[in-house]
Amino acid sequence: MRSGYDFSGAARSKYYKRYLENTNVVVLEPDVAKRFKDSASVNKVLRAYIKNPKRGRGPGPMAATRKRAARS
């Protein structure tokens, strides 16, 4: 910080409430964060998921039960 700045008249936490109203911070686990280069890429994937949430989920927990029932 440069020595010429004067914060003696500054108000602490002046915009704190406004900041809380307009932000949504999500912390990614390190292994997940490695897969994304920036927030735009995370948003792109999340928007695709929102559009079609069933895509990419896999067969589901009842798939093996249905296969056994179909064989009988």
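If you're wondering where the values come from, they're calculated on a predicted model, not measured in any experiment.

Analysis parameters
- Residues numbered from 1 in each chain as written.
- Predicted model: local features only at pLDDT ≥ 70, side-chain atom pairs only at ≥ 80, totals over all residues.
- Heavy atoms only, no water.
- Helix = DSSP H or I, 4+ residues; strand = E, 2+ residues; numbered from the N terminus.
- Buried < 20%, exposed > 50% of the residue type's maximum accessible area, 1.4 Å probe, protein only.
- Areas by Shrake-Rupley, 256 points an atom, 1.4 Å probe, with all protein chains shown as cover.
- Polar contact = N/O pair within 3.5 Å; in protein donor to acceptor, adjacent residues only side chain to side chain.
- Patch = residues over 30% accessible without salt bridge, like charges linked within 9 Å, V, L, I, M, F, W, Y side chains within 5 Å.
- Salt bridge = Lys/Arg side-chain N within 4 Å of Asp/Glu carboxyl O.
- pLDDT = per-residue confidence, 0-100.

> What's the story with the overall build of the protein in this structure? I'm lost.
Within the protein one finds 4 helices and 0 strands. Along the protein, from the amino end to the carboxyl end, the secondary structure elements read α-α-α-α. When burial is assessed residue by residue, the protein has 4% of its 72 residues classed as buried. Entry remark: accessible area of the protein is about 7,700 Å², with carbon and sulfur atoms responsible for 54%.

> Where do I start with the side chain of Ser41 in this structure?
Examined against the element boundaries, Ser41 turns out to sit in helix α3 (residues 39-51). Classification of Ser41 as buried rests on a relative accessible area of 17%. At a separation of 2.7 Å, a polar atom in the side chain of Ser41 contacts the main-chain carbonyl oxygen of Asp38.

> How do you make sense of a nonpolar patch on the surface when you look at a structure like this?
Together, Tyr16, Tyr19, Leu20, Val25 and Val27 give the surface a local cluster of nonpolar side chains, amounting to about 570 Å² of exposed area. Examined against the element boundaries, Tyr16 turns out to sit in helix α1 (residues 16-21). Residue classification places Tyr16 among the partly exposed residues on the basis of a relative accessible area of 49%.

> Where do I start with the confidence of the model for the protein in this structure?
As a general rule, the predicted coordinates of low-pLDDT regions are not to be interpreted in detail. When pLDDT is averaged along the protein, the result is 83; 78% of the residues meet or exceed 70. Mean pLDDT across the elements of the protein bottoms out in helix α4 (residues 63-71) (66) and peaks in helix α2 (residues 30-33) (94).

> Can you help me understand the environment of Thr23 in this one?
With respect to the helices, strands and loops of the structure, Thr23 is situated in the loop between α1 and α2. A relative accessible area of 33% places Thr23 in the partly exposed class. At 2.8 Å, the side chain of Thr23 forms a polar contact with the backbone oxygen of Tyr19.

> Honestly, unusual backbone geometry in this entry has me stumped. Any pointers?
Trans is the common state for peptide bonds, and a negative phi is the common state for residues other than glycine. You will see that Ser13, though not glycine, has its phi angle at about 60 degrees, which is positive. Of note, Ser13 is situated in the segment before α1.

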